[in-house]
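Next come the chains, spelled out residue by residue.
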Amino acid sequence: FHAKLARAGGMRKEPLFRTDVFLIQEYRPFFVRKLLGERDFLEDGKIVREKDLRGRRSIVVDGVEMNLLLKNYSILDHFLFYKLKLRPVAYPFFLRRMASRLKGYDIVSGHSFAGAFMARVAGKRFAVPYTASWHGSDLHSHPFRYHCIFGITGTLIKEAACNFFVSRNLLEVSEGIAPGKKVVIYNGASEIFRELPRDERASLKRKYGVEGRRVVSFVGGLVSVKNVLLLPEIFRKIQEGLMEKPVFWIVGDGKLRKPLEALLQREESLQWRMWGDVPVADMPGIYN
């Protein structure tokens, strides 16, 4: 999300173009939020709960105004796609309907599967060229795990005026799905990430209770594609190679959090801390 947001912000600074940003967002009704948990946005330093997005036309995050395209979460689609691995019904219908919002643009930049799908519909309907940007699991996992979208993913790649990939490896994976015009554009690093002066780093270590200690961190989603269940063994081997025990931090969240915690608890010699999701603004301090 933040990589896409940064690209959108960069495009909006280009004086030769007018750029509008659309955020495709599934909205979880009350009973679904109770089952799957609450989600929120940080807008101008204030938390906006998901339930408060209803009735809003846009939201501003990191200075980028995004037009909200909200769709009610569909239990039917969830069951069809994630359980039966069949094409959803309501979501494609929603994206085709929302594509009417893209009339009159000179080009549409679609991000990930849903964005590229909607951009292609607009391209067919209004003769607008579209590009597709691919960021990770939308290519290396989903088309292979859910074969019902393999063919349409290939069509999105083939018909795009250009496909942008965040890594060379992801571009190579796409070759196994479909040919097309392809370019690698790395995400790069935000300007907020910089090495702080030594006294500030020392102050942060005191703040987090690790003064005088080495800290080894994993930062990322706690999901299978990251191989996070290997972390306890990796941490143990790192510790074996050091004269003094480090502190291990895990920053991020995901479906494998509980299994990972269970494995870490078996490693009695390790000292570790599970942070969960951390706001982007706090990450420079964590890294330092």
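For the structure itself, consult the block above.
Residues numbered from 1 in each chain as written. Predicted model: local features only at pLDDT ≥ 70, side-chain atom pairs only at ≥ 80, totals over all residues. Heavy atoms only, no water.

**Q** Break down the nonpolar core for me, citing the residues and quoting the values.
**A** Grouped together as the largest cluster of nonpolar side chains are 35 residues, with contacts concentrated most on Phe-117, Met-118, Tyr-130, Trp-134, Leu-139 and Leu-156. Listing elements by their share of this core, those giving two or more residues are helix H4 (90-98), helix H5 (112-126), strand E7 (130-134), helix H8 (150-159) and helix H9 (168-175). The leading source of residues in this core is H5, at eight residues. Excluding its chain neighbours within four sequence positions, the residues that come into contact with Leu-139 are Trp-134, Phe-144, Thr-153, Ile-157, Phe-165, Leu-170, Val-173, Ser-174 and Ile-177. One finds Ala-8, Val-48, Leu-68 and Leu-70 within the second-largest nonpolar core, a separate group that totals 14 residues. (Core = buried A, V, L, I, M, F, W, Y, C linked by side-chain atoms within 4.5 Å. Buried < 20%, exposed > 50% of the residue type's maximum accessible area, 1.4 Å probe, protein only. Helix = DSSP H or I, 4+ residues; strand = E, 2+ residues; numbered from the N terminus. Contact = heavy atoms within 4.5 Å.)

**Q** Quick one: what's the story with a positive patch on the surface, residue by residue and with numbers?
**A** Together, Lys-83, Lys-85, Arg-145 and Lys-255 make up a region of like positive charge exposed at the surface. Among the structural elements, Lys-255 can be located in the loop between strand E11 (247-251) and helix H12 (257-266). For Lys-255, a relative accessible area of 79% corresponds to the exposed category. (Patch = residues over 30% accessible without salt bridge, like charges linked within 9 Å, V, L, I, M, F, W, Y side chains within 5 Å. Areas by Shrake-Rupley, 256 points an atom, 1.4 Å probe, with all protein chains shown as cover. Salt bridge = Lys/Arg side-chain N within 4 Å of Asp/Glu carboxyl O. Lys, Arg positive; Asp, Glu negative; His and termini not counted. Charge placed at Lys NZ, Arg CZ, Asp CG, Glu CD.)

**Q** Outline the sheet that holds strand E9 (residues 182-184), supporting the account with residue identities and numerical values.
**A** Read across the sheet, four strands follow the order E6-E7-E8-E9 without closing on themselves; strand pairing throughout is parallel. Each end of this open sheet is capped by a strand with a single partner; those strands are strand E6 (108-111) and E9. Pairs of neighbouring strands in the sheet enclose a mean axial angle of 25°, with direction left out of account. For E6 and E7, the ladder comprises four bridges, and the chain directions are parallel. Within E7, the residue paired with Val-108 across the bridge is Tyr-130. The sheet strands contacting H5 are E6 and E7, and the helix crosses E6 at an angle near 150°. Each of E7, strand E8 (162-165) and E9 touches H9; the most contacted strand, E9, lies at about 160° to it. (Pairing = 2+ DSSP bridges. Axes fitted to C-alpha atoms, helices over the stretch in contact; angles between N-to-C directions.)

**Q** Which residues make up the pattern of salt bridges, and what are the values?
**A** Pairing between side chains of opposite charge can happen when their charged atoms approach one another. Scanning all chains against the criterion turns up eleven salt bridges. Of the charged contacts, one joins Asp-52 and Lys-51 as a salt bridge, the two residues approaching to 3.8 Å between their closest N and O atoms. Here Glu-175 ties to Lys-182 by a salt bridge, and the two come within 2.5 Å at their closest N and O atoms.

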